[in-house]
Amino acid sequence: MGAFSTQGAIALVGQILQVVVIGGGAAGFFGAIACAEANPRAQVKLLEAGRDPLSKVRISGGGRCNVTHHCVEPAALIQNYPRGAKALRGAFSRFQPQDTIAWFRDRGVTLKTEADGRMFPTSDDSATIVHCLMEAAQDAGVRLRTHAAVKHIRQRPAQEAEFPTAAFQVELRSGELLPCDRILIATGSSPQGHQMAQQLGHQIVAPVPSLFTFNVPDPRLQDLAGISVNSARLRLQVGAEKFEQTGALLITHWGFSGPAVLKLSAWAARELHDQRYQAELTVNWLPETSMEGLRQTLMQVKSQLAKRTIATSCPVMIPRRLWERLLTQIGVAADLRWADFSKQAMNALVQELLQGKYVVTGKGVFKEEFVTCGGVLLKEVDFKTMASRCCPGLYFAGEVLDIDGVTGGFNFQSAWTTGWLAGQAIASS
């Protein structure tokens, strides 16, 4: 009967399950912990190519770690994922933000909700989350290895396998060989992770950047870096495609940033990439005001404050320096009084406030964070278990998949969810 006799097969009952998790980020840690906690007989090795695991967790949210978002209804939650929403609908019904909150609470970490729905540890320190994950992994028996870059994965034929299930051999760059029964790839946007997936039969959707700022070289923005408005409506024309978002807008040294821009960059990521980040941006600084309503407001001010200078009496809810700059843009002198404000100039100001046109010439970065869209083709993954449909024994979690969310804790939530599902499935396999 060869290597596997009936007697030998019976002897294998209760054998240790050898699991290798590749990628020491949020998804990798969560998957490794979930597997080890659910199956004490699983020997879980967590491989991190670099020196510091959880590096992205450490820097996220300005060092505070935006753990998740307080959106508990899966149908609403998936609206924040430009790619992967359909696949995540069922996944979020099994592990969603409430489960994330409970997971950390059970391990001594309390999360708080801010006005915009983002959730952070009450310590406002990402080290709290890093420490929690490191401690949970250690307590569960996960064997963390740093400086353990993977060079190659070989799926061994069944007759060569140590166990009568699909098995692998993971080769590290150091030359060390790690035999295992299950592999979880959670390498984020790393090209190495995509290469591994391709080696094992998967298709990769070409990655392109998501969540970035807009480069807008425009004299209207010069020397206004740091000025922001709480709500602006943005319309982005990219080739033949149009996108729209409303939210806070920040002027930077290089153009525009803030939640509204970051959301636009996510939804239009592929189109912007294809157009080499050339686009037209229309900015409405007063999204709650109609064109006719604004015109009436300006006419009323002109009547009541006729002797006042226009530049020093801003009647709308935008920063004064921005008001002064927009007046300069339409040719209004600094000492011009409301009484001398022409109808033509008023129409130009209304246009500038509600339909200002700006040219996007490139992209910047969002702090130290880097998110991409693209990755493992989603139809090749079973989102009930995160198992590969192409390679038995292989699983995926996190950003290695063609999934990305807008800013606000959504990318971490998809990492927690897919990592937990993968870990549970591996443990019970």
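The residue count restarts for each chain, going from 1 along the sequence in the order it is written. Residue-level local features of this predicted model are given only where pLDDT is at least 70; pairs of side-chain atoms are given and counted only at 80 or more, and the full residue set underlies all totals for whole chains, interfaces and linings. Each side-chain value is derived from all of the structure's non-hydrogen atoms; neither hydrogens nor water enter the calculation.

K.L.:
Which parts of the structure should I look at to understand the environment of F396?
P.N.:
For the purposes of this entry, the term helix denotes a DSSP run of H or I that reaches at least four residues, the term strand denotes a run of E that reaches at least two, and both are numbered from the N terminus. Tracing the backbone shows F396 in strand 22 (residues 394-396). Throughout, exposure labels follow a simple rule: accessible area from a 1.4 Å probe, protein chains only, divided by the maximum for the residue type, with under 20% read as buried, over 50% as exposed, and the rest as partly exposed. Take F396: its relative accessible area is 0%, and that puts it in the buried class. C-alpha of F396 to C-alpha of N230: the two residues are 166 residues apart in sequence and 38 Å apart in space. We call two residues in contact whenever any of their non-hydrogen atoms come within 4.5 Å of each other. With residues near it in sequence (within four places) discarded, F396 still touches L184, I185, A197, H202, V376, V381, M386, S388, L401, T418 and A422.

K.L.:
Just checking my understanding: could you explain the sheet that holds strand 17 (residues 356-360) for this structure?
P.N.:
Whenever strands of a sheet pair, they do so through backbone hydrogen bonds, lying parallel or antiparallel. Strand pairing is assigned whenever DSSP identifies at least 2 bridges connecting the two strands. The sheet built from seven strands is open, its strands ordered 17-16-13-14-15-12-18 with antiparallel pairing. Pairing within the sheet leaves two strands with one partner each, and these edge strands are strand 17 and strand 18 (362-363). Here strand 12 (residues 214-215) runs beside strand 15 (residues 255-257); their pairing, made up of two bridges, is antiparallel. Opposite N215, over in strand 15, you have G255 as the bridge partner.

K.L.:
I'm lost on the sheet that holds strand 9 (residues 177-180) in this one. Help?
P.N.:
If you walk across this open sheet you meet the three strands as 7-8-9, and the pairing is antiparallel. Each having just a single partner strand, strand 7 (150-156) and strand 9 make up the two edges of the open sheet. The sheet shows a mean angle of 20 degrees between the axes of neighbouring strands, direction not considered. Taken together, the four bridges between strand 8 (residues 167-172) and strand 9 define a ladder with antiparallel strand orientation. Across the sheet, residue Q169 finds its bridge partner in strand 9, namely P179. Interaxial angle, 0 to 180 degrees, is taken between N-to-C directions of lines fitted to C-alpha atoms, where a helix line uses only the stretch in contact.

K.L.:
Please clarify how the packing of aromatic side chains should be interpreted in this entry.
P.N.:
Each aromatic ring pair is characterised by the separation of its centres together with the angle its planes make. To pair, rings of Phe, Tyr and Trp, with the six-membered ring standing in for Trp, must have centres within 6.5 Å; the planes then decide the type, stacked if under 30 degrees apart, edge-to-face if over 60, and tilted in the middle. Tallied over the entire structure, the rule returns 16 aromatic pairs. Taking the centre distance of 4.9 Å and the plane angle of 25 degrees together, the rings of F95 and W420 count as stacked. Pair noted here: F95 is in the loop between helix 5 (85-94) and helix 6 (97-106) and W420 is in helix 14 (residues 410-428), with a separation of 325 residues, a long-range link. What makes W420 partly exposed here is its relative accessible area of 23%. Among the aromatic side chains, those forming a connected cluster through ring pairs are F30, F95, W103, F104, F412, W416 and W420. The side chain of R64 reaches across the aromatic face of F120, ending 3.7 Å from its centre. Two thresholds decide whether a charge sits over a ring: the Lys NZ or Arg CZ must be within 6 Å of the ring centre and within 35 degrees of the ring normal.

K.L.:
Please clarify how the side chain of S388 should be interpreted in this entry.
P.N.:
Among the structural elements, S388 can be located in strand 21 (residues 387-388). Any pair of nitrogen or oxygen atoms within 3.5 Å is treated as a polar contact; in protein, a donor-acceptor pairing is required on top of that, and neighbouring residues in sequence qualify only through side-chain atoms on both sides. A distance of 2.9 Å separates a polar atom in the side chain of S388 from the backbone nitrogen of C390. In contact with S388, other than residues within four places in its own chain, are H202, E380, L394, Y395 and F396.

K.L.:
Help me out: how do you make sense of the pairing of strand 5 (residues 118-121) in this one?
P.N.:
Successive side chains on a regular strand alternate, one facing one side of the sheet and the next facing the other. Judged from the two bridges that link them, strand 3 (residues 68-69) and strand 5 form a sheet pairing that is antiparallel. Opposite H69, over in strand 5, you have R118 as the bridge partner. Across three bridges, strand 4 (residues 111-113) lies against strand 5 in antiparallel orientation. Note on strand 5: the bridge partner recorded for L111 is P121.

K.L.:
How do you make sense of the pattern of salt bridges when you look at a structure like this?
P.N.:
When charged atoms on two side chains of opposite charge get close, those side chains can pair. The salt bridge criterion pairs a side-chain nitrogen of Lys or Arg with a carboxyl oxygen of Asp or Glu, the two atoms within 4 Å. Counted by the stated rule, this structure contains 17 salt bridges. Here D124 and R64 are joined by a salt bridge, their closest N and O atoms 2.9 Å apart. One end of the pair, D124, is in the loop between strand 5 and helix 7 (126-140); the other, R64, is in the loop between helix 3 (55-63) and strand 3, with 60 residues separating them in the sequence. In this structure D124 comes out as partly exposed when scored by relative accessible area, which is 30%. D340 is paired through a salt bridge with R337; the nearest N and O atoms lie 3.6 Å apart. Overall, D340 belongs to the partly exposed group, its relative accessible area being 46%. The class for R337 is partly exposed, based on a relative accessible area of 36%.

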